[in-house]
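Summary of the model geometry
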Amino acid sequence: MSDDKFDVIVVGAGPAGCACAYTLAKAGKSVLLLERGNSAGAKNVSGGRLYTYALEMVEPGMYKRAPLQRKIVREQIMMLGDNSAMTVDYADYGFGEDVPQSYSVIRASLDEWFAGEVEAQGGTVGSGILVDGLVEQNGKIVGIKAGDEEMLADIVVAADGVNSLLGQKAGLFPDVKPHAVGVGVKETIELPDDVISQRFALKKDEGAARVALGCTEGISGGAFLYTNQGSISLGIVFNPEQAAKNGRQIQDIFQDFKMHPAIMALIDGGTTVEYGAHLVPEMGYHGVHKRLYREGMIVVGDAAQFGINTGVIIRGMDLAIVSGLAAAKAILATSNPAEAGPEYMKQLEELFLLPNMRVYANFHNIFGMPRLFKQYPKLANEALEFLFKIDGKVPEPMMKGMLKIVKNNVSFGQMAADAWKAYRSI
Amino acid sequence: MSIKKLSPEELLALDKFSVDEGMPHIIVDKAACAKCTERPCLVVCPARCYRQKDDAVNFEYAGCLECGTCRVVCTYGGVTTWHYPRASFGVTFRCS
């Protein structure tokens, strides 16, 4: 292999790397896609939900070939109390029509399929190969090292994930900071498909996506739940800095959440079949590494820290795919490796990746409001309890009772400050 | 089986691992850990690879999920080397 020089070597067969390699191979470039897992997806964990438009951008109709789970038509937001829960359930069947807006996915099958698509286009996929270094010549990246072996290419695309050791080795950026990432833990819980459909009021191919607040002991973060075919993905993402200060093992907090009666009602009778963990870029636009290329190298996907989290929508895989596509288009549009990087930045604009991220640029400030993760979910639950509770005693007058609940949880000064912060952030 | 609280050991037993015996992919400097008073690793490692024993931090790489959290939170010089396991070793996710 070391004698051959490739047009492009892509490191990492996640959605970003596969989208890039697929597009390049389809256009006739010689592409080597390297993956450290024994198969693509073997090292990957995500919530996960994929917004379909991204696959449509790579190739219209492509999503029909992909091993997608359920098309999401129910969007749910949950606020947990100690022994209660409030859930907003928005069903939009338009989200499931034509090209469905989004699907729940399992990465082991999705990524393996995508890497197979690269092969079908004539790309070479090397699984079980750990890239642990770069080859530099005259200040340019000209290839990669995997153990003793060197492989050369005009351009190396680093799609090596949120930790991007390659981007760091290339001197493009420092290691990620603890406040800029979330640590996600997740159980995959098998349940019969018809049970899932019944519990979430879904037809066979429809799915629900849920975010939950009030389950992190006040740590910035939240839970997620996605319905798959025959399984449920359940997890929590925590800010690791705050989790460390909180002092309780994040896995214990997750186990408590799982046993909450309102969650148990959804997963009861199920069997946990896998436990995974992963880092997630959490800073949005401001967290994107400032330098995403140098001559001979382009950084895509989580490695670049692309991610959008508004609290109710969480996007990573779609941005990864679009960035992989942007890199491929840039490489195809330029003949000189030196021009590919600047062209990539242009493509990130033209394919609306960066414009999308800018819209939500300050949203992460909202997650800097500690009360969002404890006091407000508690307040919402107590207010509803007050509305619904009947025990034969004379209840407090409505206004007085409500004010008491508010005051027990948060001062008006704090509420005003939070409202101002939220307003400023969005 | 029904849903119940699972310990780290029970959760990791569900995952497929191929441990690279004698070749840790993360190296921890116990002397640096001994001086560290905050020890975020004990709390945030999802696999609980870091445990306190007496006053020392014990690290066991066998159940590592390769997330990178320990490297990111350790600003005390404890995690001296962090790279991915050699090819074909480490965790293999099948349905995550």
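First, a word on scope: everything that follows refers to the structure included in this document. Please read these numbers as outputs of a predicted model, since none were measured by experiment. (Residues numbered from 1 in each chain as written. Chains lettered and ligands numbered in written order. Predicted model: local features only at pLDDT ≥ 70, side-chain atom pairs only at ≥ 80, totals over all residues. Heavy atoms only, no water.)

**Describing the environment of asparagine 309 of chain A**
Residue and element names in this part refer to chain A. Stated formally: Helix numbers and strand numbers start at the N terminus; a helix is a DSSP run of H or I with at least 4 residues, a strand a run of E with at least 2. For this analysis, residues touch if any pair of their heavy atoms sits within 4.5 Å. Counting of polar contacts relies on pairs of N or O atoms within 3.5 Å, with two restrictions inside protein: one atom must be capable of donating a hydrogen and the other of accepting it, and residues adjacent in sequence are counted only when both atoms are side-chain atoms.
Inspection of the secondary structure assignment puts asparagine 309 in strand 18 (residues 308-309). Sequence spacing of asparagine 309 and phenylalanine 367 is 58 residues, and the spatial spacing of their C-alpha atoms is 9.7 Å. Setting aside anything within four residues of it in sequence, one finds asparagine 309 in contact with Glu282, Ile314, Phe363 and Phe367. A distance of 3.2 Å separates polar atoms of two side chains, one belonging to asparagine 309 and the other to glutamate 282. A polar contact of 2.8 Å, which involves the side chain of asparagine 309, links it to the backbone nitrogen of glycine 311.

**Details of the environment of proline 60 of chain A**
By secondary structure assignment, the location of proline 60 of chain A is in the loop between helix 2 (53-58) and strand 4 (71-80). Note: C-alpha distance between proline 60 of chain A and phenylalanine 95 of chain A (35 residues apart in sequence) is 18 Å.

**A few points about the packing of aromatic side chains**
Put simply, the rule is: Any two of the Phe, Tyr and Trp rings considered here, Trp counted by its six-membered ring, make a pair once their centres fall within 6.5 Å; the pair's planes then place it as stacked at under 30 degrees, edge-to-face at over 60, or tilted in between. Think of it as a cone above the ring: NZ of Lys or CZ of Arg counts as a charge over the ring if it is within 6 Å of the ring centre and within 35 degrees of the ring normal.
On inspection of all chains with the given rule, the structure shows nine aromatic pairs over all chains. Here tyrosine 90 of chain A and phenylalanine 95 of chain A contribute two aromatic rings whose centre-to-centre distance is 6.1 Å and whose plane-to-plane angle is 70 degrees, an arrangement assigned as edge-to-face. Arranged with centres 5.4 Å apart and planes meeting at 80 degrees, the rings of tyrosine 360 of chain A and phenylalanine 363 of chain A form a pair that is edge-to-face. Among the aromatic residues, ring-to-ring pairing joins Tyr22, Trp113 and Phe114 of chain A into one connected group. Geometry around tyrosine 84 of chain B places arginine 36 of chain A over its ring, the cationic atom sitting 3.6 Å from the centre. A cation over a ring is seen here: arginine 71 of chain B above tryptophan 82 of chain B, with NZ or CZ 4.7 Å from the ring centre.

**Concerning unusual backbone geometry**
Counted only if it meets this: Type-normalised accessible area, obtained with a 1.4 Å probe on protein chains alone, sets the label of each residue: buried when under 20%, exposed when over 50%, and partly exposed for intermediate values.
Each neighbour pair has its own omega, and for glycine 47 of chain A with glycine 48 of chain A the value is 5 degrees, a cis peptide bond. Assignment of secondary structure puts glycine 48 of chain A in the loop between strand 2 (31-35) and strand 3 (49-51). A positive phi angle is found at phenylalanine 352 of chain A, which is not glycine, with a value near 70 degrees. You can see phenylalanine 352 of chain A is positioned in the loop between helix 10 (337-350) and helix 11 (353-359). Judged by its relative accessible area of 53%, phenylalanine 352 of chain A is exposed. One non-glycine residue, aspartate 54 of chain B, lies in positive phi territory at about 55 degrees. Relative to the assigned elements, aspartate 54 of chain B resides in the loop between strand 3 (50-53) and strand 4 (56-59).

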